[in-house]
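As a plain string of letters, each chain reads:
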Amino acid sequence: MRKEYLTVENIVGPLMLVQEVSGVSFAEIAEIILPDGGIRHGQVLEINEDKALVQVFEGTSGLTPGEVRVKFLGKGLQLGLSRDIVGRMFNGFGRVIDGGPPIIPEKYSDVNGVPINPEARDYPNEFIQTGISTIDVLNTLVRGQKLPIFSGSGLPHSRLAAQIARQAKVLKTGEQFAVVFAAMGITFEEAQFFMNEFEKTGALERAVLFINLANDPPIERIAVPRMALTAAEYLAYELGMHILVILTDMTNYCEALREISAARKEVPSRRGYPGYLYTDLSMIYERAGRIKGKSGSITQMPILTMPEDDKTHPIPDLTGYITEGQILLSRMLHNEGIYPPVDVLPSLSRLKDKGIGKGKTREDHAGVMNQLYAAYAKGKAAKEIAVVLGESALTPLDIMYVKFSEQFEKEFIGQGEGENRDIIASLTIGWKLLGMLPATELKRVKQEFIDEYYPSKQL
Amino acid sequence: MSIAVVQETLTIEHRVLVPPGISGTVTAVSPEGEYRVEDTIAVVSGEQGETRLSLFHRWPVRKGRPYRSKALPNSLLITGQRVIDTLFPIAKGGSVAVPGGFGTGKTILQHALAKWCDAQVIIFIGCGERGNEMTDVLTEFPRIVDPRTGRPLMERTIMIANTSNMPVAAREASIYTGITMAEYYRDMGYHVAVMADSTSRWAEALRELSGRMEELPADEGFPSYLPTRLAEFYERAGMVETLGGREGSVSVIGSVSPPGGDFSEPVTQHSRRFVRGLWVLDRQLANARHYPAVSWLESYSEYVEDLGQWWESKGFPEWKSLRGEIMGLLQQENRLQQVVKLVGPDVLPDSQRIVLETCALFKNAFLQQDSFSPVDMFCPLEKQVKMLKLILLFHERGRRAIQKGATLVAVRGLTICRELMRMRQTVKNDEIEKLDRMAAELDRSMNELEARYERR
Ligand SMILES: Nc1ncnc2c1ncn2[C@@H]1O[C@H](COP(=O)(O)OP(=O)(O)OP(=O)(O)O)[C@@H](O)[C@H]1O
Ligand SMILES: [Mg+2]
């Protein structure tokens, strides 16, 4: 029988201080028993001599020192796992919330995972086709990559993520694929949107959902991505499945972290976020990848809304420092009615070069990618000059570039929400647009590919 | 002093050192043969009593290893990266910081240096960065052949992997572990290069640990001793005469990841004080996919002055003046660009627009270097000098042609000019003489162009 402590001395924000404890260890899980018999859960954040600082997941409202009893369970936060978690929905604490029967676990895993030795990793290099031109051609996603979407409030990041989840596939067949979806502090409508999406496309049967809504306790948010990734690791590395993990919204996660940090009176770093935000985020994002000798993989697509659309805000900034690129959404394109409003120039997939080319996509891919990018950049720059100095300041060639960039936004960036373009279709659109420029301008593409793919004049 | 040698890899001969501070008479020596690392192979008696020496010894990592004397670094650490060797070189034994926001190319640059620089031993410290990047090195380096030794690069490389999700205490220590290993090989008489990616993560580890010990925070929460620690780290670089009388060096290249890409933060600011070179990675250049995104306006190298003689001794006496010339043009271009921004390029006369043209050529054909292209990723010095000369020749001849009445459009339209634009991709390292032919062709085309205008 484990000891129950009545010695809660102090409750501040999401934290409570328990005194005169013994044999309690760091990160241990505690049960907090309310006078009415209700149970909440907490985790030991810090131990100082005989005092334990406990973070209460469900929040501390309604808890009074002296009235609650605390029981330490002698183990860290764990998730019960079995094949049956697929198709089910859990709360941030790993409890089933879809009304179905509980999971009978085959095993329990610590939700914090263990860092993977780089030696044991397999380098990600397998092309994932998302059916979205701006991603597939320009910012190619590969299996095992962590590629976040940097968005802003009101932008269609959820629709984009759902579309990717629906369409993503590898050009090989016969592999098991599943989505692990973690919602942190999003609205009921947003969660419902994903749910409907998954249901409509039958994806729900191959999805595991961890849901913490905006009105759920913020502290529970800290556990959500860890739960989700623990489930993902089990499915990927033990059952050999290919997992796409969608984490949304990381900004809410970071806010929760800040809240705890403030309650602990820690010295804040930039904009009040704790100094360990980078380390904490990396413990989430680094849990993507592939492992030698295991057939499964974990690909991560975290979504975050940039406060005030500011890319230098600590949340996107630190995320960018950890992930392997970023897909940026543009408010301007969105306002112009272009979906998905991917801001091509500052977006980057750092692993793109490993996943494209002959045998993976097509031999001209790299050239087309660089050429489209360069031409679009040039067109936008020319457009800016035209805004300041007037069209007359442009040379005929510049004008061609401007036209190109406008058409590029409409036809290449823009596509339907239900439109699933395969890579060949995307490259074909790319070539069609490049056909608006004289062939001599295509300096980034090898001549042999120009000969083969450059649209002839008759068209 | 070394007392024995072991062939560590086919590239590296491990020279077993007498630990610093031990001296006296050798009273026993084991014969040549096979030993375990901890076996005694010699005994030294001296003031400190009897010391048994084995194939290894221990050293506290936070303390710099002693040497006989430090020398001024005055030979180039060849990196094969044009923007570095030609514009902002680092000397063997030098130290450079590479600040840049996320995705600006710090790691790719560090990897390029680890692959191609002419140090004999490479220590790569992955300090609080991505696991996949370490995996990349681990899978790639055994496959890449070192052009100098013909052996896999891995044989000269030591990696210290402390990824971002590993314990911060180990992250804090990793920098010291790396630099101590570097000094150890230096003491064997090797030229060693240390890449630390990223020193900011190390500084943050320092901050985290300091916070936990409830020390008083200074600037942005960093402990007040941050500058001291940074200075101590960079001070351990240098060209030395070792205690055993050999020449060895440790060069240090540390990347810096400023929050929000803002260089006014403490780690960037303090690092600047302790290094002699700065390769500033520019967000705008990176966004324009101009790689390496080293800013030619903000970067500097204090080694330029000391390296002129070295270049001369290698048969390139003209390096310094060529460098001066192109740097001058870049400055001029910068001023002209401001004008262009205000009133458009049309206003400038062709005699000035040729400066923009030359600089555009220089940026595209010379400064940009593709780390993933087999032809372009490493550029020998001879090729660098010849490419630069070609670009300056283009400028000289282009200017003259314009003086004689040719238009910029006509100059730009020459076939050879388009070839110059692509030369970094088309001229392989074993056919550098092609560049001479291109120079001849450039002269010929320009002569022809001038003649056309003179006839008018
Ligand atoms: N020399 C180069 N040649 C080609 N591509 C490059 C080069 N340098 C950088 N890149 C591109 O830029 C991307 C980001 O580079 P890198 O990973 O080195 O950035 P970083 O500065 O280390 O970022 P972080 O601080 O987030 O680690 C690469 O994945 C690659 O696509
Ligand atoms: Mg990096």
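Residue positions are counted from 1 within each chain, in the order its sequence is given. Chain letters start at A and ligand numbers start at 1, both assigned in the order the entries are written. Confidence filtering applies because this is a predicted model: local features only for residues at pLDDT of at least 70, side-chain atom pairs given and counted only at 80 or more, and all residues used for totals across whole chains, interfaces and linings. Water and hydrogen atoms play no part in the side-chain values, which are based on all heavy atoms of the structure.

**Structural notes on the site of ligand 1**
Put simply, the test is: Nearness is defined per residue: one heavy atom within 4 Å of the molecule or strand is enough. Throughout this description, a polar contact denotes any pair of N or O atoms lying within 3.5 Å of each other; where both atoms belong to protein, one of them has to be capable of donating a hydrogen while the other can accept it, and for residues adjacent in sequence the pair is counted only when both atoms sit in side chains. Values of accessible area rely on a 1.4 Å probe in the Shrake-Rupley scheme; residue burial ignores everything except the protein chains shown. Under the DSSP-based scheme used, a helix requires at least four consecutive residues in state H or I and a strand at least two consecutive residues in state E, with every element numbered from the N terminus. Any residue outside Ala, Val, Leu, Ile, Met, Phe, Trp, Tyr, Cys, Pro, Asp, Glu, Lys and Arg is labelled polar, Gly included; the first ten of those are nonpolar and the last four are charged.
Neighbouring residues of ligand 1: 20 residues in total, closest Gly103, Lys106, Thr107, Ile108 and Arg130 of chain B. Neighbouring residues of ligand 1 are distributed over chains A and B. Between ligand 1 and Gly105 of chain B, the relevant distance is 2.9 Å, taken from an oxygen atom to a main-chain nitrogen or oxygen of the residue. Ser371 of chain B is positioned with one of its side-chain polar atoms (N or O) 3.0 Å from a nitrogen atom of ligand 1. Burial of ligand 1 by the protein chains amounts to 96% of its free accessible area of 630 Å². Only α7 (314-322) of chain A together with α2 (106-116) of chain B provide two or more residues apiece to the shell around ligand 1. In terms of residues, the shell around ligand 1 owes the most to one element, α2 of chain B, which gives three residues. The residue makeup of the shell around ligand 1, split by class, is six nonpolar, eight polar and six charged.

**A few points about the domain arrangement of chain A**
For an interface, size is often stated in terms of accessible area lost upon the parts coming together. Residue and element names in this part refer to chain A. Operational definition: Domain segmentation is taken from an automatic or database assignment of domains. Should any heavy atoms of two residues lie within 4.5 Å, those residues are considered in contact. A quick way to say it: buried area is the sum, across both parts, of accessible area lost when two parts are put together, with a 1.4 Å probe. When a carboxyl oxygen of Asp or Glu is within 4 Å of a side-chain nitrogen of Lys or Arg, the pair counts as a salt bridge.
Taken domain by domain, chain A consists of domain 1 (4-76), domain 2 (79-353) and domain 3 (365-458). Computed from C-alpha coordinates alone, the two centres of domain 2 and domain 3 are separated by 32 Å. Facing the 25 residues of domain 2 at the interface are 23 residues of domain 3. Summing both partners gives a buried area of about 2,100 Å² for domain 2 against domain 3, and 60% of it is carried by carbon and sulfur. Considering only the surface of domain 2 that becomes buried against domain 3, Ser133, Val137 and Leu345 emerge as the three largest contributors, covering 29% of it. Remark: the boundary between domain 2 and domain 3 carries one salt bridge.

**Observations concerning the packing of α2 of chain B against helix α3 (residues 131-140) of chain B**
Residue and element names in this part refer to chain B. Quick note on the threshold: To obtain an axis, a line is fitted to C-alpha atoms, over the contacting stretch when the element is a helix, and the angle between two such axes runs from 0 to 180 degrees between their N-to-C directions. In what follows, roughly perpendicular refers to angles from 65 to 115 degrees, roughly parallel to angles under 35, roughly antiparallel to angles over 145, and oblique to any angle outside these ranges. Working rule for handedness: look at the near helix, and if it is turned counterclockwise from the far one by less than a right angle, call the crossing left-handed; if clockwise, right-handed.
Between α2 and α3, whose axes approach to 12 Å, the crossing angle comes to 25°. Taken together, the axes of α2 and α3 lie roughly parallel to each other. Considering how the two elements wind past one another, α2 and α3 form a crossing that is right-handed. The residues of α3 that touch α2, namely those facing Thr107, His111 and Lys115, are Glu133, Asp136, Val137 and Glu140. Residues that form the contact of α2 with α3 fall into these classes: one nonpolar, two polar and four charged.

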